[in-house]
Amino acid sequence: MALRSVKAPTSIPPGVIVSSSIINKPQSLRFASTLTASLAVRSNLKLKPASPRAAKFSCSASSSSSALTPQLRDTLEKLVNSEKVVLFMKGTRDFPMCGFSNTVVQILKSLNVSFEDVNILENEMVRQGLKEYSSWPTFPQLYIDGEFFGGCDITLEAFQSGELQEAVEKAMCS
């Protein structure tokens, strides 16, 4: 099956798969002509019926409206400050749904850190709002003493250097 790269299509013909596998090119989408009913679209794109009777969809960029409402900001602040260490992750500490989330859980467990885990897959509003709240687009997100610490790579680096253990010990003593 041949794949071709195109720039921001205006419509998607029936039987086409849209994939967001090109991470650093937000305007690029990969298309493969096939009859399977599989469709994955970047979060900044919306599929809208072209007309009530039409079988094809138009692809349009979503508005840049903020997912972080004042109420959601308050909720996130309460969650972030609910414990000394809070991990927003895909899945739970007992059943991580992503390798990066699992890595951070294992790091925290190896340090015997008591932490609150929040499954961001259970609430899309929390998931999108947290990206704005932290100015960090990916998960997991680790908060220590109410402050954003980092994602998986930063946490792993800090663990290896001893900085994570220092930050956790400082938070636990405050």
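For the structure, see preceding data.
Note that the structure is predicted; figures quoted are calculated from it, not measured.

(A) Local environment of the pattern of salt bridges. Counted by the stated rule, this structure contains three salt bridges. Two residues, Asp-145 and Lys-84, come together in a salt bridge whose shortest N-O distance is 3.6 Å. Of the two residues, Asp-145 is situated in the loop between strand E9 (141–144) and strand E10 (147–150) and Lys-84 in the loop between helix H1 (70–80) and strand E7 (85–89); the sequence distance between them amounts to 61 residues.

(B) Focus on the environment of Leu-108. Within the element layout of this structure, Leu-108 appears in helix H2 (residues 99–110). Measuring from C-alpha to C-alpha, the distance between Leu-108 and Leu-164 comes to 9.2 Å, with 56 residues separating the pair along the chain. The contact partners of Leu-108, leaving out residues within four places of it in the chain, are Val-85, Leu-87, Val-113, Phe-115 and Leu-142.

(C) Just the nonpolar core, in detail. In this structure, Leu-87, Leu-108, Leu-142, Ile-144 and Leu-164 are the most contacted members of the largest nonpolar core, which totals 17 residues. Sorting elements by how many residues they give to this core places H2 first, with four residues. Aside from chain neighbours lying at most four places away, what touches Ile-144 is Lys-84, Phe-149, Leu-164, Ala-167, Val-168 and Ala-171. The next biggest cluster of nonpolar side chains, apart from the first, holds 13 residues, and it includes Val-86, Phe-88, Val-118 and Tyr-143.

Conventions used here
Residues numbered from 1 in each chain as written. Predicted model: local features only at pLDDT ≥ 70, side-chain atom pairs only at ≥ 80, totals over all residues. Heavy atoms only, no water. Salt bridge = Lys/Arg side-chain N within 4 Å of Asp/Glu carboxyl O. Helix = DSSP H or I, 4+ residues; strand = E, 2+ residues; numbered from the N terminus. Contact = heavy atoms within 4.5 Å. Core = buried A, V, L, I, M, F, W, Y, C linked by side-chain atoms within 4.5 Å. Buried < 20%, exposed > 50% of the residue type's maximum accessible area, 1.4 Å probe, protein only.

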